[in-house]
Structure formats: structure tokens, C-alpha cells
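For reference, the chains in residue letters:
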Amino acid sequence: MPEIARPGQERFVAPLAETPLEETGTVDTSAPPEGQWKEAWKQLRGNWIFWISAVLLLFILIVCLFPGLFTDINPRAADLSRSKEGPQSGHPFGFDAQGYDVYSRVIHGARASVTVGILTTLFVTFVGLLTGAFAGFYGKWTDMLISRIADVFFAIPLILGAIVLLSALNNVWSGRGYWGGVIAVVLVLAVFGWPQMTRIARGAVLEVKNLEFIDAARAIGSNKWSNLRRHVIPNALAPVIVTATVSLGVYIVAEATLSFLGIGLPASVVSWGNDIAAAQSEVRSGRNLHVLFFPAGALAVTVLSFMLLGDAVRDALDPKAKKS
């Protein structure tokens, strides 16, 4: 029985000649697939947070490498006749209690603080990635040994452990100078910082080592060491890089905290932490707060830049975290 079209239900089909099919999209099957890092770079390029943090960090890096571009005043040149003077022409941040130019010390203090953060992050990332990769990939007694050692150090708070170890180190190595002070703080922070990176790397390796391409590499004759070095570690780097980026800011704050307490970098080293510690008397009196504000502000902007960069990198390398 033919279907009866009711009013308003009429159907119209245009002739095929009037609606030619057009190609709406093409896929170049000959092009190689985009890798994880290329896709991540695409995500980063479209993230305004990444560009803001990158510009700030580039500026901070230039300040650390070439402080002479921004000031020609010696940060160790004290003029007691100008003690506690406010901002003025040629000295935009004023002077501290010892007559040091605050602007010059903020510029030159960036190098020590950022150097400690970068070196500590590199050391922690190397040790944590190595131990975490071996623990996750080989398992059994290797995993048990590394995990238990990491648990011992992980149970000790970073700042508390660094205070105790640096206090003991100051008794046997007091006059250690600039680089000696930097190396001492880096080693102490690294001793208590690597377990977190080990856990991150171990979890990433456990996830990667059971994927199909690892089985395929093993099937064509690749041994365990080659699989770990060529396939597992490169594909487990994403969460490690994200953690390292965020941790860099944490270690800069840790150095400033230790220097503020008087057990970090030697007092002769120009750093933001030492300048903040020297400004304690001004905070108590409530006067000349610019002496504290400028080094503390530089520290805050630097740490914020690394935190923003870490968030942008995390969103690019881990889309699941962004959705959740």
C-alpha cells in the first residue's frame, strides 16, 4: 500500500545533476604521522600562558647571563652615607641599610638563585629518571630496593632535611665561596628531592613498558637494555619534564628559604634570599619596605613564570589531565 504524504510532510529530493559530490577533505596518507613532541609544540603555540611565561623566563635568563646590560653599579659597593635612602634618579629601588644599591643587587642576585634552581633540577631529574626507569622496567628486587630507599628519603621533608644537612656542612666547610656555596645547596636539595622524580619516572615506565610497540621491538630481537634506552625512556619523559619544570620554581624558593635562615648561600653571595634576610629589620620597623619588596617581587615573578610554564607543558603533554 503506497504511503500517503500528509500536509507538511512532503519530501523533495533534488536531481543528482544539481547536487554534484565534492571532496570535503583529504588525508595525505604518504605523510609520516606526527609524533608526541610535535603535537605538544602545536598545543603550546596556541597557549597564551606558554608565551607569557616564555617571555618572562627569557628576560630572566638574559638578566642572569648579562647583568651588565641592566646596571653598571657594583652590587657589593656600600655607601653608608646613603643608608636607607628611597628611590631616586639612577637608583630606582633605593638603598638598603648598608648603603647597597637595591636595584643592582636584585639584578645580580638573579644569577645565584636561578643557578641553584636549574642545577638542582638537572641533578634531580637525571638521578630520578635513572632510578625510576630501572625500578619500573626491571622490577622484582631492583624495584623493591630502589623504592624502599626512595621511601626513606621521601619521608624527610625537603626544607627540614636541608636545614639539618646544611647546618652540619657549614661546620666542616664554612668558607666555601660562591661556587662552593652553590654546589653545597644544590647537592643538599638534590639529596632530598630525587625520590619524587623517581616515583614519577617509575610510574611512567610501568605504563609504557607494556605497550604494543615494546612487544614488537622485543619480537624483532631488541634486548632489554636497548628497549629501555631507545623506546621506554623517550616515551616516559612527558610527566618527568612536567614535574621538572614545576620543581625548578620550588627549588628556587627552597634556596631563598635556606639563605633567609642563614644556612644557605654564604652571606657574601648576592642572592635574593640573602637580601630578603637582610631586610628583616626593616620589616619589623615597618619602614623602608622597598628593601624587601623588590627582591621578594623578583623571586615571586620568577617562580610564577616557572609554574605557568609547567602548567602549559602539562596541558600540552597530558591532554587527559587538562580534560579532568
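On a predicted model such as this, the values are computed, not experimentally measured, just so you know. Throughout this document, residue positions are counted from 1 along each chain, in the order its sequence is written. Two thresholds apply to this predicted model, a pLDDT of at least 70 for residue-level local features and 80 or more for giving and counting side-chain atom pairs, whereas whole-chain, interface and lining totals are computed over all residues. Each side-chain value is worked out from all heavy atoms of the structure, with water and hydrogens disregarded.

Secondary structure elements are defined from DSSP: runs of H or I of at least 4 residues count as helices, runs of E of at least 2 residues count as strands, and each element is numbered from the N terminus. Mapped onto the secondary structure, E255 falls in helix α9 (residues 237-260). Overall, E255 belongs to the buried group, its relative accessible area being 0%. Any N or O atom pair separated by 3.5 Å or less is treated as a polar contact, with the protein-specific requirement of one donor-capable and one acceptor-capable atom, and with residues adjacent in sequence counted only for side-chain atom pairs. Of the polar contacts made by the side chain of E255, one reaches the side chain of S113; its length is 3.3 Å. In what follows, a contact means two residues having at least one pair of non-hydrogen atoms within 4.5 Å. Setting aside chain neighbours within four positions, we find E255 in contact with S113, V116, V185, L189, L265 and S271. Buried means the residue's accessible area, taken with a 1.4 Å probe over protein chains only, is under 20% of the maximum for its type, while exposed means over 50%, and partly exposed covers the values in between.

Our next topic: the pattern of salt bridges. For this analysis, a salt bridge means a side-chain nitrogen from Lys or Arg found within 4 Å of a carboxyl oxygen belonging to Asp or Glu. Taken as a whole and judged by the stated rule, the model has 5 salt bridges. Close ionic contact of D275 with R105 constitutes a salt bridge, the shortest N to O distance being 2.9 Å. With D275 in helix α10 (residues 272-278) and R105 in helix α3 (residues 102-138), the pair connects residues that are 170 residues apart, well separated along the chain. R105 matches D275 in its accessibility class, with the two residues each being buried.

Turning next to the packing of aromatic side chains. How two aromatic rings sit relative to each other is given by the distance of their centres and the angle of their planes. When the centres of two rings from Phe, Tyr and Trp lie within 6.5 Å, Trp using its six-membered ring, the rings pair. Their planes under 30 degrees apart give stacked, over 60 give edge-to-face, and anything left gives tilted. Per the stated rule, a full pass over the model turns up 9 aromatic pairs. With centroids separated by 5.1 Å and ring planes inclined at 65°, the aromatic side chains of F50 and W51 adopt a geometry described as edge-to-face. The rule is short: NZ of Lys or CZ of Arg within 6 Å of the ring centre and within 35 degrees of the ring normal puts a charge over the ring. Over the face of the ring belonging to Y100 we find R105, whose NZ or CZ atom lies 4.6 Å from the ring centre. Taking the ring centre of F154 as reference, the NZ or CZ of R199 above it sits at 4.2 Å.

A pocket here means an open set of points on a 1 Å grid, computed over the protein atoms alone, that has protein on both sides within 12 Å along at least five of seven lines. A cavity is instead a set of points where a 1.4 Å probe fits but cannot get out; residues with an atom within 4 Å of a point line either one. Grid points are joined across faces, edges and corners, and a volume is the space filled by probe spheres set on the points. Within the structure shown, the criterion is met by 1 cavity of 30 Å³ or more. A volume near 60 Å³ is recorded for the largest cavity. Around the largest cavity, the lining residues are D96, V102, R105, V106, D275, A278, V291 and P295. Listed by contribution, the elements that provide at least two residues to the lining of the largest cavity are α3, α10 and α12 (290-317). Tallying contributions element by element places α3 first for the lining of the largest cavity, with 3 residues.

Note that every value here comes from positions in space, so none of it alone points to a role or purpose.
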